[in-house]
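Breakdown of the fold
Here's the letter readout for the chains.
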2 protein chains.
Amino acid sequence: MGIVVQKYGGSSVSDASAIKRVARRIVEAKKAGNDVVVAVSAMGDSTDELLDLASQVSPLPPARELDMLLTSGERISMALVAMAISDLGYSARSFTGSQAGVITDSVHGKAKIIDVTPGRISDALGEGHIVIVAGFQGVSADTKEITTLGRGGTDTTAVALAAALDADVCEIYTDVDGVFTADPRIVPAARKLDRVTYEEMLELAACGAKILHLRCVEYARNHDIPIHVRSSFSQLDGTWVTGSIDDLPEPGTQESSMEQAIIAGVAHDRSEAKVTVVGVPDKVGEAARIFEALSAAQINLDMIVQNVSAAATNLTDISFTLPRSDGQTAMAALAGLQSAVGFDSLLYDDHIGKVSLIGAGMRSHPGVTAKFFSGLAQAGVNIGMISTSEIRISVVVSEEDVDAAVAATHTAFDLDADEVEAVVYGGSGR
Amino acid sequence: MGIVVQKYGGSSVSDASAIKRVARRIVEAKKAGNDVVVAVSAMGDSTDELLDLASQVSPLPPARELDMLLTSGERISMALVAMAISDLGYSARSFTGSQAGVITDSVHGKAKIIDVTPGRISDALGEGHIVIVAGFQGVSADTKEITTLGRGGTDTTAVALAAALDADVCEIYTDVDGVFTADPRIVPAARKLDRVTYEEMLELAACGAKILHLRCVEYARNHDIPIHVRSSFSQLDGTWVTGSIDDLPEPGTQESSMEQAIIAGVAHDRSEAKVTVVGVPDKVGEAARIFEALSAAQINLDMIVQNVSAAATNLTDISFTLPRSDGQTAMAALAGLQSAVGFDSLLYDDHIGKVSLIGAGMRSHPGVTAKFFSGLAQAGVNIGMISTSEIRISVVVSEEDVDAAVAATHTAFDLDADEVEAVVYGGSGR
């Protein structure tokens, strides 16, 4: 008996029969003695349909009005879910983000949740109702305007509600059985993880695993909310995202080597491009000028690599990766800088992919990098860039080598399952 | 230079191109130097589509959740209208009913506006924005729940905003040129009225003219807001609804007979049924028991007729009309009363129509009733029931006689236009 927060994405509420199925699932949790709060996304493709309508009316709609428009999608699904629950003989109350007390900053289109004041939710729970909350949306603290949280926002809504209500668990329902050691479309022998730490999940999300969104995992880690990622199509246990790598046994101790999986999974990402600034004078401040220009253009960089400069010329090359969608903007910003910085040229490559190996255990296993790279070499994959964190190694490879690199790495670390599990893999909606 | 409130129904915002047309119209009013506030309905058939979705999920959805669902329709259209205005280089801000300060009672599905606190609207106007408000909706004063105003609610929203903002005019845009002397589909020679008093418009609306909804006209009369009913497809002047019959020249004076049109129009209504309670004992309190039972069943009656009782039996018949949709409920309520009241039997007839002649001038022209009835007689129409008010005479006729009765009456009172105007006639949305 406690508070359970559940999240259902667009594919789980795509039509009337899907909504009825979700309602039965919600009622089960209530029957089990829990107070139940549910965050829902808009139905199926309805957000894209609204965006299409907006583009027909205006090529560049104001962000405030776009938020007004898009938030209607969750309003529709939440009311329908509440009706379906009521049809099962249970009482449900739906609340918009604003009514639910989801307070955000005022950045339309990608607002951040800054507080949740769940007074109306608590009252409704106290009266015995199941509570349905529109995901992906809130109201800005200062301007009282309706905001949206950006893609994946409903995951974050669910975790934020769980934190504010001190829930026992935040269940993220999706169309796959949990978090896998690799994308099963590439590696049929990929295994479902029973548990993964917040840090590993953050790295997986940042490296292209689409199952959970970065901000949702950050929020859960900051508030220590256990996330249970599971399928809305089965009763199976999914993947628990919980615990920190700091709580794992000390690297190098006997406990650690016995109990701890070295690698959580292999992630990949085909959404990035690589830019190389060739022949940058190796002087103090030149790199800063380059990255200040990119920052001013609102571009988020991912991997950044600078090698030591060639002794003869005192010039160096700086490479970085960024979302392909930002490629043109970045190149324009850098081109305007050429004479001032005095670099030789710019290279742009969007036929790349990133493959990342993630695992808390690699802290205590020095051979991980060597095994990773030799696996890639045996598969004939050439490495373009390398970047590492405490629990991650990422490489940039040619786009057509991504599948081979993921499969080879998965095998090299003995992650392949004995039997191939039947899974359906797809995006998790928003 | 003043404040203009405009209302656009669902057919005026049915798709992207219609929304762009409406936006141009709104911008014209702004260019003319006005502060502009617009109430919009949901796009085209979208409300019916939402109702269909609801029925797929639950045969009897809770009224609160139905209001949550339906209000998303106006949210979509208002945001799109604001975007289209912005695309024309003007600044627009959309507001939900709740944000616009439309305060209602808490009767979900047919809430009444009890106050409008337009602080955010006034602020936005002061900043130079065009304001778009979601019609048909508000927020309840006590429970802070989202409510809807029922069919025709957006008309009422517009008039209530006009009253709260002390607007110069409330323009109701529709798909016809104004209020006509009869339904042009039945009487091609029907003429557009240039002006009609609130009282006449109330009677027309109550008697089946679908162009304006009763509550909207009541609200306008109570707050003395001039309504201008006009086409969103032309620049023509439409019909002004303004002024009271009390301000018209005294009946019988020379002015009155010279200036005042006797008849405003002929309305008809095919949505009612007739119930007759046969053989009711003519005792004090028997009629009251019958109508108390109907009231307890939440049935709104229209015409009620009781004749003097036959001297021999001391029994009387009571007939009344009511919406056909309430017919079954009414018959069930009355059947349960038979032994207690002791009436003979119940008759039910839903093959009826009501034809009403409306005009402030009939107060001063005693021959109106005679001319009406002789016109019907010449057309071979039999009269089933009669009811009158100060400025209206209504008769119940057989359903198949409605068209002939309307046409004959229109001709009898010389309302036929010399030339038939080209008009499109339809419902005015909600």
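Residues numbered from 1 in each chain as written. Chains lettered and ligands numbered in written order. Predicted model: local features only at pLDDT ≥ 70, side-chain atom pairs only at ≥ 80, totals over all residues. Heavy atoms only, no water.

Per an unreviewed UniProt entry, chain A goes by Aspartokinase and derives from Nocardioides lentus. Quoted verbatim from the Catalytic activity (unreviewed entry) heading of the UniProt record, the comment on chain A is "L-aspartate + ATP = 4-phospho-L-aspartate + ADP". In its Sequence similarities (unreviewed entry) section, the UniProt entry covering chain A states "Belongs to the aspartokinase family." (UniProt positions renumbered as here; feature names shortened; annotations may be inferred.)

Turning our attention to the relation of the copies chain A and chain B. One copy of the chain maps onto the other through a rotation about an axis plus a displacement along that axis. Expressed as a screw operation, the relation of chain A to chain B combines 0.1 Å of axial shift with a rotation of 180 degrees, fitting to an RMSD of 0.1 Å. When the rotation and shift are considered jointly, the pair of chain copies conforms to a two-fold rotation axis. Residue S72 of chain A of chain A places its C-alpha closer to the rotation axis than any other residue of that unit, at 2.5 Å. Both copies share a contact surface, since 100% of the interface residues of chain A are interface residues in chain B too. (Least-squares fit on C-alpha atoms with pLDDT ≥ 70 in both. Contact = heavy atoms within 4.5 Å.)

A complete count under the given rule lists 6 aromatic pairs over all chains for this structure. Ring geometry for F291 of chain A and F320 of chain A: centres 6.0 Å apart, planes at 70 degrees, overall edge-to-face. Of this pair, F291 of chain A sits in helix 9 (residues 286-296) while F320 of chain A sits in strand 16 (residues 315-323), and the two are 29 residues apart along the sequence. For the pair Y8 of chain B and Y173 of chain B, a centre-to-centre distance of 4.7 Å together with 10 degrees between the ring planes defines the contact as stacked. Taken together, the residues span a long stretch of sequence, with Y8 of chain B in strand 1 (residues 3-8) and Y173 of chain B in strand 9 (residues 169-174) at a distance of 165 residues. (Phe/Tyr/Trp six-rings, centres within 6.5 Å; stacked < 30°, edge-to-face > 60°. Helix = DSSP H or I, 4+ residues; strand = E, 2+ residues; numbered from the N terminus.)

Inspection of the secondary structure puts T96 of chain A in the loop between strand 3 (92-95) and strand 4 (102-104). If near-sequence neighbours (up to four positions away) are discounted, T96 of chain A is found in contact with R75, M78, A134 and Q137 of chain A.

The positions UniProt marks with the feature "domain: ACT" (unreviewed entry) are residues 275-360 of chain A. Span residues 275-360 of chain A is 28% helix and 36% strand, its end C-alpha atoms 30 Å apart.

Residues and elements named next belong to chain A. The assigned domain composition of chain A is domain 1 (3-246) and domain 2 (251-430). For domain 1 and domain 2, the distance between their C-alpha centres works out to 30 Å. Taken together, the contact between domain 1 and domain 2 spans 44 residues of the former and 37 residues of the latter. Summed over both partners, the interface of domain 1 with domain 2 comes to about 3,300 Å²; 57% of that surface belongs to carbon and sulfur atoms. (Domains from an automatic or database assignment. Buried area = accessible area lost by both parts, 1.4 Å probe.)

To describe two helices that pack against each other, one gives the angle between their axes and the distance between the axes. At their nearest, the axes of helix 2 (residues 46-57) of chain A and helix 3 (residues 63-87) of chain B sit 9 Å apart, and the two run at 30 degrees to each other. By the angle between their axes, helix 2 of chain A is roughly parallel relative to helix 3 of chain B. Handedness of the helix 2 of chain A/helix 3 of chain B crossing: right-handed. Seen from helix 2 of chain A, the contacting residues are L50, L53, A54 and V57 of chain A; seen from helix 3 of chain B, they are I76, L80, M83, A84 and D87 of chain B. Here the contact of helix 2 of chain A with helix 3 of chain B is built from residues that sort into 8 nonpolar, no polar and 1 charged. (Axes fitted to C-alpha atoms, helices over the stretch in contact; angles between N-to-C directions. Parallel < 35°, antiparallel > 145°, perpendicular 65-115°, else oblique. Left-handed = near helix turned anticlockwise from the far one by under 90°. Nonpolar A, V, L, I, M, F, W, Y, C, P; charged D, E, K, R; others polar.)

Quick look at helix 7 (residues 214-223) of chain B now. Residue and element names in this part refer to chain B. Turning to helix 7, its buried residues are C216, V217, Y219 and A220. Down the axis of helix 7, the buried set is contained in an arc of 160 degrees. They therefore lie on one face. Where helix 7 is buried, its residues touch strand 5 (113-116), helix 5 (153-164), helix 6 (198-206) and strand 11 (227-231). Positive phi appears at D224, one or two residues downstream of helix 7, with a value of about 55 degrees. (Buried < 20%, exposed > 50% of the residue type's maximum accessible area, 1.4 Å probe, protein only. Arc of directions from axis to C-beta.)

As a further point, take unusual backbone geometry. One non-glycine residue with positive phi stands out, namely Q298 of chain A, at about 65 degrees. Along the chain, the position of Q298 of chain A falls in the loop between helix 9 and strand 15 (304-306). Phi is positive for F136 of chain B, close to 75 degrees, though the residue is something other than glycine.

With that settled, the discussion passes to the interface of chain A and chain B. The accessible area lost on association of the parts is a frequent measure of interface size. In this complex, chain A contributes 40 residues to the contact, which on the side of chain B involves 40 residues. Considering only the surface of chain A that becomes buried against chain B, V57, R75 and M83 of chain A emerge as the three largest contributors, covering 23% of it. The interface formed by chain A and chain B contains 2 salt bridges. For R120 of chain B, the salt bridge identified is with E145 of chain A, shortest N-O distance 3.6 Å. Between the two partners, chain A and chain B, sit 12 residue pairs in polar contact (both at pLDDT 80 or more). Counting only elements with at least two residues in the side of chain A that touches chain B, the list comes to helix 1 (16-31), helix 2, helix 3 (63-87) and strand 3 of chain A. The biggest single contributor to the side of chain A that touches chain B is helix 3 of chain A, with 17 residues. For the side of chain A that touches chain B, the per-class residue count stands at 23 nonpolar, 8 polar and 9 charged. (Salt bridge = Lys/Arg side-chain N within 4 Å of Asp/Glu carboxyl O. Polar contact = N/O pair within 3.5 Å; in protein donor to acceptor, adjacent residues only side chain to side chain.)

All names here are of chain B. A large share of strand 13 (residues 265-269) lies buried, amounting to 5 of its 5 residues. Where burial is concerned, the two faces of strand 13 agree: the one with G265, A267 and D269 and the one with V266 and H268 are both buried. Pairing of strand 13 with strand 18 (residues 352-358) involves 5 bridges; the strand directions are antiparallel. Of the residues in strand 18, the one forming a bridge with H268 is V355. (Pairing = 2+ DSSP bridges.)

What follows concerns the pattern of salt bridges. Per the counting criterion, the structure on display carries 21 salt bridges over all chains. Counted as one network, the salt bridges with shared partners bring together R64, E65 and E145 of chain A together with R120 of chain B.

Looking at where A167 of chain B falls in the secondary structure, it is placed in the loop between helix 5 and strand 9. Between the C-alpha atoms of A167 of chain B and G119 of chain B, which are 48 residues apart in sequence, the distance is 15 Å.

Another point: the environment of A84 of chain A. Position of A84 of chain A among the secondary structure elements: in helix 3. Judged by its relative accessible area of 3%, A84 of chain A falls in the buried class. Residues A84 of chain A and V396 of chain A lie 312 residues apart in sequence; the distance between their C-alpha atoms is 48 Å. Discounting chain neighbours no more than four positions away, the residues touching A84 of chain A are I19, K20 and A23 of chain A together with V57 of chain B.

On to the sheet that holds strand 4 of chain A. Residues and elements named next belong to chain A. The mixed open sheet is built from 4 strands, whose spatial order is 5-4-7-8. On the outer flanks of this sheet lie strand 5 (113-116) and strand 8 (146-148), each paired with one strand and no other. Strand-to-strand twist in this sheet, taken as the mean axis angle between neighbours without regard to direction, amounts to 45 degrees. Taken together, the 2 bridges between strand 4 and strand 7 (residues 137-140) define a ladder with parallel strand orientation. For I103, the partnering residue across the bridge sits in strand 7 and is V139. Helix 3 rests against strand 7 and strand 8 of the sheet, and its axis sits at about 75 degrees to strand 8.

Residues and elements named next belong to chain A. Pairing within the open sheet is antiparallel, and its 4 strands lie in the order 13-18-20-19. In this open sheet, the two strands that pair with only one neighbour each are strand 13 (265-269) and strand 19 (385-389). Each adjacent strand pair in this sheet contributes to an overall mean axis angle of 20 degrees, direction not counted. Inspection of the sheet shows strand 18 (residues 352-358) paired to strand 20 (residues 392-398) by 7 bridges, in the antiparallel sense. The residue of strand 20 that forms the bridge with V355 is V395. Strands in contact with helix 12 (residues 368-378) are strand 18, strand 19 and strand 20; relative to strand 20, the strand with the most contacts, it is inclined by about 20 degrees.

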